[in-house]
Amino acid sequence: MDLLQDAFLYLLAAVIAVPIANRLGLGSVLGYLIAGIFIGPVLGLVGSETEDVKHFAEFGVVMMLFLVGLELQPAMLWRMRNRLIGLGGLQVVVTTAIFSGIALAFGLNWQTGVALGMILALSSTAIVLQTLNEKGWMKSTGGQASFSVLLAQDIAVIPMLALLPLLVIGGVASGSEDAGHHGGAAIASLPGWLQTIVVLGAIAGIVLAGRTLIRPVFRFIAASKLREIFTAAALTLVIGIALLMDLVGLSSALGTFLAGVVLSDSEYRHELESDIDPFKGLLLGLFFIAVGAGIDFDLLFGEPLMILGLAAGILFIKAGVLLALGKLFRLPQSDQWLFALGLAQAGEFAFVLFGFAGGFGVLDQDLLKIMTLVVAITMLLTPLMFIIYEKGIAPRSKSGSTRDADEIDDTGTVVVAGMGRFGQVVARFLMTNGHSVVILDHDTKVIDNLARVGVKTYYGDATRPDLLAAAGLGEAKLFVAALDEREKQTELVAHVARTYPDCRILARAFDRHHVYELREAGAHRTRREVFEASLAMARDALVELGAHPFRAEKQARMFRRHDFYTLNALQEKWSGHTVDETYVDAMRAHSDDLYEVMKSDRADRYEDEDRGWTPPPNRKKLG
């Protein structure tokens, strides 16, 4: 019964804390840590069993590294080699060296210093990638640089796991009796040269089996079409490799990572990912809850200056190293700060490596308690670092860019703001139809690339009123808003609608609700960026399934007309950027109506998007 009660408490804490943390932008890892803090140090609902839970949940890390290996296809690694080896490798090596030197300066032996340096060099993959995706920064130069470094760090975990036991051999821990639980007892009595042969043979066996044996086995299992057996086989593979590595005294994570890389180009890669990922996520969540429950807050309240000083020092030093590397690799100024502040924290792998280092005796328990608390604090401060960048540095970097806005010496009947994948098509279409177009964008790479093909683009932030005026918007007939950032796009449309009431506004929308926001802001026409392409693909899919192309085109037109009718009808139910039950009920009714329309081949009563919506008053139409 105690087991069921503990399981219920851990799961309940995760179910409550993680969604709230995600909603607040803190990320799932911090959600799990906060859940552990509440059921452990705060409420005292769990206690002594957390270490046992942590040892059990460490298998989630083994699964994580297997999945990391599956993602690391050799071709992808080769394409990213410059940033992986250069930017990522330098970050790990330089940061490790600095923290190791600081540890030596504080009187710790060199083995402990190297262990701490390696562990603190890592950043939080889970928090950073989730935030970059949520904020839309992943495709930026800083986002891509961050991804490269995080990938390099994930790869670096493998040699770190292999190096930690060697630090014990160097003489750090005389009392590392617990290290035996990491394996190697089966070959401990063999001579050293024979142990080496056995270890190399185990690694070679994993590679050979992955290339020749595992694929036919999975092909045979897949032919049975029993999903649960395939899942069982995937778990058997991971557990079996972990046991083999433990038997020969190597890291289980090292073996499963190697197996993942071997299977990265397998036809069953995606199936393995989908089967193992839920187990990985649950076990990792359990691991982080146990870490949070085991945090010693008495230590924080007893030595607040020391703990907070260490956390601040880690953030400051890592940010400094990353900022210097950003300058060295010539990242744009704003992206340098995103890169530096985003990766300044210590990562979730620190908890895992602390466990290994403690088990082998490389780090003593008092130091482990201090560093576990310090790492958790740096992770808890990560959302604040992103807020500092988003609210303080990013706007200032754009307005105070090292490159001044271009002098606009041309006028046109059309002004286009934003030359991303959407704006480029619109601008090229209008230009090839004989219209004079003034184009604005703030991405220097895009501007340089367009210049090479003869498309003149002016550098500058299109949200600046003075730049819009210089572009001749007062005399232009048409303004096309095609920015990549949703909020700025809406603000831009609202400004142009207020300032230039005689100018027609066409705006790119991200989804249906953004259409409503842009209409309220003053846009005359809106287009959802992926709707037409998605509908074209759906039409192609219908043809591939046997429908006549004429029939598929007819169905696509009916679907489009009904969707535009629904778009306009639902705007009446959409209130103040919220979705209430009235809106949901109306949407459900229109969805049911769509089935009837598509069956009856009749959509005559539906208006198209432009005729079915009345533009804002006091607006002139072109021509």
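Residues numbered from 1 in each chain as written. Predicted model: local features only at pLDDT ≥ 70, side-chain atom pairs only at ≥ 80, totals over all residues. Heavy atoms only, no water.

Quick look at the nonpolar core now. If you look at the biggest cluster of nonpolar residues, it comprises 71 residues, and the most contacted ones within it are F351, F354, L363 and M371. It is helix α19 (residues 365–380) that provides the largest number of residues to this core, a total of ten residues. When residues no more than four places from it in sequence are discounted, the contact partners of M371 are L116, L120, I314 and F354. With 33 residues, the next largest nonpolar core counts A417, A462, L473 and L570 among its residues. (Core = buried A, V, L, I, M, F, W, Y, C linked by side-chain atoms within 4.5 Å. Buried < 20%, exposed > 50% of the residue type's maximum accessible area, 1.4 Å probe, protein only. Helix = DSSP H or I, 4+ residues; strand = E, 2+ residues; numbered from the N terminus. Contact = heavy atoms within 4.5 Å.)

On the secondary structure map, S146 appears in helix α9 (residues 141–169). A residue is classified by how much of its surface remains accessible, and S146, at 1% relative accessible area, is buried. Discounting chain neighbours no more than four positions away, the residues touching S146 are L132, F339 and L343.

Another aspect to go through is helix α21 (residues 421–432). A rise of 1.5 Å per residue sets the reference length of α21, with its twelve residues, at 16 Å; its end C-alpha atoms lie 17 Å apart and thus fit the reference within 8%. Three or more residues of α21 are buried, namely F422, G423, A427 and L430. Taken around the axis of α21, the buried residues stretch over an arc of 115°, which confines them to a single face. Summarising the geometry of α21, the exposed residues directed more than 90 degrees from the buried face are R421, V425, R428, F429 and T432. Backbone geometry just downstream of α21 places G434 in the positive-phi region, at approximately 90°. (Expected span 1.5 Å × (residues − 1). Arc of directions from axis to C-beta.)

As a further point, take the confidence of the model for the chain. Of all residues in the chain, 80% have pLDDT values of 70 or greater, and the mean over the chain is 78. Between residues 618–623, whose pLDDT stays under 50, and residues either more than four places distant or in other chains, the model counts twelve contacts. (pLDDT = per-residue confidence, 0-100.)

A separate point is the sheet that holds strand β5 (residues 504–509). Taken in spatial order, the six strands of this open sheet run β3-β2-β1-β4-β5-β6, and their pairing is parallel. Of all strands in the sheet, those bounded by a partner on one side alone are β3 (458–459) and β6 (525–528). Pairing of strand β1 (residues 414–417) with strand β4 (residues 478–481), which is carried by four bridges, proceeds in the parallel orientation. Across the sheet, residue V415 finds its bridge partner in β4, namely F479. Sitting on the sheet, helix α24 (residues 486–499) touches β1, β4 and β5, and the angle it makes with β5 is about 175°. (Pairing = 2+ DSSP bridges. Axes fitted to C-alpha atoms, helices over the stretch in contact; angles between N-to-C directions.)

The next point concerns the packing of helix α18 (residues 349–360) against α19. At their nearest, the axes of α18 and α19 sit 10 Å apart, and the two run at 175° to each other. Between α18 and α19, the interaxial angle falls into the category roughly antiparallel. Between α18 and α19, the residues in contact are A350, F351, F354 and G358 and Q365, L368, M371, T372, V375, A376 and M379, respectively. (Parallel < 35°, antiparallel > 145°, perpendicular 65-115°, else oblique.)

Bringing the pattern of salt bridges into the picture now. Applying the stated criterion to the full structure yields twelve salt bridges. A salt bridge links R486 to D511; the shortest N-O distance between them is 2.8 Å. In this pair, R486 is assigned in helix α24 and D511 in the loop between β5 and α25 (512–521), connecting sequence segments 25 residues apart. By relative accessible area, which is 30% here, D511 ends up partly exposed. For the salt bridge of R539 with D540, the shortest nitrogen-to-oxygen distance reads 4.0 Å. (Salt bridge = Lys/Arg side-chain N within 4 Å of Asp/Glu carboxyl O.)

Attention shifts here to the environment of D540. In this structure, D540 sits in helix α26 (residues 531–544). Distance in space between the C-alpha atoms of D540 and E553 is 9.0 Å, their sequence separation being 13 residues.

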